[in-house]
Amino acid sequence: MSLAAAEVDRLQAFAALLLEANKHVNLTSARTLEAIWGHIEDSLSVAPYLAEGELIDVGSGGGFPAIPLAIVSGVRITLVEAIGKKAAFLRAALDELGLAGEVVVGRAESVGHAPAQRERYATATARAVASAPAVLEMTLPLLRVGGRAVLQRGRLDEAERRAVEAAAPMLGGAAPREQLLAGERRLLVVEKSAPTPVRFPRRVGVPERKPLCFT
Ligand code: SAM
C-alpha cells in the first residue's frame, strides 16, 4: 500500500520505541529495525479489511497489528494483553505516538464478558495468539453484529480449517472467508451475523485447551 510521509515517520517512531523497549521486556522476536519493519508490513495486510468503527486487538504483545493499523487508518483501538509489562509498553506507545485508544490488561476470555466491551467493536484482530478456533472464540463476542474478525494466520491444516468453519456459526459468525497473502500467510475473515451466545467465550484457558470443534 502507498503511505504518506507522515505515516512512514510515525511507523518508524513506533519501530524505534519497540526496539528500545524490547531490550528490557520481551515484546517481539524481532531484534533489528528491518525485522520490525517486516512485522509492520505484515500488520498492514489487514488494512483493506477494516470495517467502519472501533477496532479491538486481542493478544497485542508489542502492538502488532493494531498500532500500525491505527497509524495508517486513524481508527480508535483497544488493545487486550494478558501480561502487565507488555500492557505498560502499549500504553506508553499510544501516548508517545498520540494514538486514540486504550489498553485493557487481562485475558480476552474475561474481557469478552465485560459489559463495556462485549458486542461493541466493528473490527477484531489477532495475530500469533492461539489456534484459529480459539482466537475466533476470543474475538467474535467482542464484535457488534455486522462487525468483522480479521485473523492473521500462517499455514492452516484441514482439521483447523474444518474447526473454524464449524465454530463460526456457533459463535454468531458467517462462513469464514480465506484471503491468501504471500507465502503461507493468509487472513481468515469472519463477518458477525448474529449475537454470540452468552456461554462464549468459555472460562479462561478453555478456548486454547479445548478449541471448539477441533478433533
Ligand atoms: N500479536 C502480537 C504479534 O503478532 O507480535 C503478539 C503475539 S504474542 C506471540 C501473543 C500475545 O498474546 C502475548 O503477548 C500473550 O501475552 C498474549 N495472549 C495470549 N493469550 C491471551 C489471552 N487469552 N488474552 C489476552 N492476551 C493473550
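Up top is the structure.
Computed from a prediction, not measured in an experiment: that's the story for all the values here. Note on numbering: residues in each chain are counted from 1, in written sequence order. Reporting in this predicted model follows two pLDDT cut-offs: at least 70 for local features of residues, and 80 or more for side-chain atom pairs to be given and counted; totals over whole chains, interfaces and linings ignore these cut-offs and use all residues. Neither water nor hydrogens contribute to the side-chain values; these are computed over all heavy atoms in the structure.

Draft legend 1. Looking closely at the overall build of the protein chain. Secondary structure is summarised from DSSP: a helix means a run of H or I of at least four residues, a strand means a run of E of at least two, and numbering begins at the N terminus for each. Along the protein chain, the regular secondary structure elements total eight helices and seven strands. Against the globule reference of 17 Å for 215 residues, the protein chain gives a C-alpha radius of gyration of 16 Å, in line with a compact fold. Judged by the C-alpha coordinates and their principal axes, the protein chain covers about 40 × 35 × 30 Å. On the protein chain, roughly 9,500 Å² of surface is accessible, and the fraction owed to carbon and sulfur atoms is 54%. Based on C-alpha atoms, the radius of gyration is set beside the globule rule, defined as 2.2 Å times the residue count to the power 0.38. Accessible surface area values rest on a Shrake-Rupley calculation with a 1.4 Å probe, where residue burial reflects the displayed protein chains alone.

Draft legend 2. Looking closely at the pairing of strand β4 (residues 121-127). Summarising burial for β4: seven of the seven residues are buried, a large majority. With three bridges joining them, strand β1 (residues 55-58) and β4 adopt parallel strand pairing. Bridged to L55 within β4 is T123. Here, strands pair whenever DSSP counts at least two bridges between them. Of the strand pairs in this sheet, β4 and strand β5 (residues 143-153) are connected by six bridges, and their pairing is parallel. Along β5, the bridge assignment pairs A124 with A149. A right-handed crossover is one whose linking path, passing over the helix from the first strand to the second, runs clockwise when the strands point away from the viewer. Viewed along the sheet, the connection from β4 through helix α6 (residues 132-139) into β5 turns out right-handed. The rule is simple: take the accessible area with a 1.4 Å probe, protein chains only, and divide by the maximum for that residue type; under 20% is buried, over 50% is exposed, in between is partly exposed.

Draft legend 3. Inspection of the pattern of salt bridges at higher detail. Salt bridges are defined as contacts in which a side-chain nitrogen from Lys or Arg sits within 4 Å of a carboxyl oxygen from Asp or Glu. Scanning the model with the defined rule gives 18 salt bridges in all. Note that D42 is salt-bridged to R185, the shortest N-O span being 2.6 Å. Placement of D42 in helix α2 (residues 33-44) and of R185 in the loop between β6 (177-180) and β7 (186-191) is noted, with a sequence separation of 143 residues between them. When salt bridges with common partners are traced through the structure, they connect E158, R161, E178, E184 and R186 into a single cluster.

Draft legend 4. A look at the sheet that holds β5. If you walk across this open sheet you meet the seven strands as β3-β2-β1-β4-β5-β7-β6, and the pairing is mixed. Pairing within the sheet leaves two strands with one partner each, and these edge strands are β3 (101-105) and β6. When the angles between neighbouring strand axes are averaged without regard to direction, this sheet yields 20 degrees. Across the sheet, α6 is in contact with β1, β4, β5 and β7; its angle to β5 comes to roughly 150 degrees. Note on geometry: axes are lines fitted to C-alpha atoms, helical ones only across the stretch in contact, with angles between N-to-C directions running from 0 to 180 degrees. Here, residues are in contact when the closest pair of their heavy atoms is within 4.5 Å.

Draft legend 5. Spotlight on the packing of helix α1 (residues 5-21) against helix α4 (residues 84-97). At a closest axis distance of 11 Å, the pairing of α1 and α4 adopts a crossing angle of 150 degrees. Compared by their axis directions, α1 and α4 come out roughly antiparallel. For the crossing formed where α1 meets α4, the hand is right-handed. Facing α1, whose interface residues are R10, A13, F14, L17, L18 and A21, α4 presents F89, A93, E96 and L97. Each residue belonging to the contact of α1 with α4 can be placed in one class, and the counts come to eight nonpolar, no polar and two charged. Oblique is the label for any angle not under 35 degrees, not over 145, and not in the 65 to 115 range, which are roughly parallel, roughly antiparallel and roughly perpendicular in turn. Less than a right angle of anticlockwise turn of the near helix away from the far helix marks a crossing as left-handed, whereas a clockwise turn marks it as right-handed. Residue classes follow a fixed rule: Ala, Val, Leu, Ile, Met, Phe, Trp, Tyr, Cys and Pro count as nonpolar, while Asp, Glu, Lys and Arg count as charged, and any other residue, Gly among them, counts as polar.

Draft legend 6. Structural detail: the nonpolar core. Grouping buried Ala, Val, Leu, Ile, Met, Phe, Trp, Tyr and Cys residues that are joined through side-chain atoms within 4.5 Å yields what is termed a nonpolar core. F14, I40, I67, I77, L79 and F89 are the most contacted members of the largest nonpolar core, which has 36 residues in total. For this core, the secondary-structure elements that each account for two or more residues are α1, α2, α3 (66-73), β2 (77-81), α4 and β7. If we skip the residues at most four places from it in the chain, I67 touches F14, I77, L79, L90, A93, L94, L97 and L99. Residues A130, A134, L136 and L151 belong to the second largest nonpolar core, which totals 29 residues.

Draft legend 7. Summary view of α4. The span you would expect from a helix comes to 1.5 Å times its residue count less one. Along its 14 residues, α4 runs 20 Å from first to last C-alpha, staying within 8% of the 20 Å computed at 1.5 Å per residue. Listing the buried residues of α4 in full gives K86, A87, F89, L90, A93, L94 and L97. One side of α4 holds all its buried residues, which, seen down the axis, span an arc of 155 degrees. Looking at α4, the residues exposed on the side facing more than 90 degrees away from the buried face are K85, D95 and E96. Buried residues along α4 sit against α1, α3, β2 and β3. Arc definition: directions from the helix axis to the C-beta atoms.

Draft legend 8. A look at unusual backbone geometry. In this chain, F64 is followed by P65 through a cis amide linkage whose omega measures 0 degrees. The residue P65 is located in the loop between β1 and α3 in this model. In this model, F200 is joined to P201 through a cis peptide bond whose omega is -5 degrees. Counting through the fold element by element, P201 comes out in the loop between β7 and α8 (206-209). Of note, E119 is a non-glycine position whose phi angle comes to about 55 degrees, a positive value. Tracing the sequence through the fold places E119 in the loop between α5 (108-111) and β4. Look at E119 and you get partly exposed, because its relative accessible area is 25%. Non-glycine residue A128 carries a positive phi angle of around 55 degrees. Tracing the backbone shows A128 in the loop between β4 and α6.

Read these as spatial facts, not as claims about activity.
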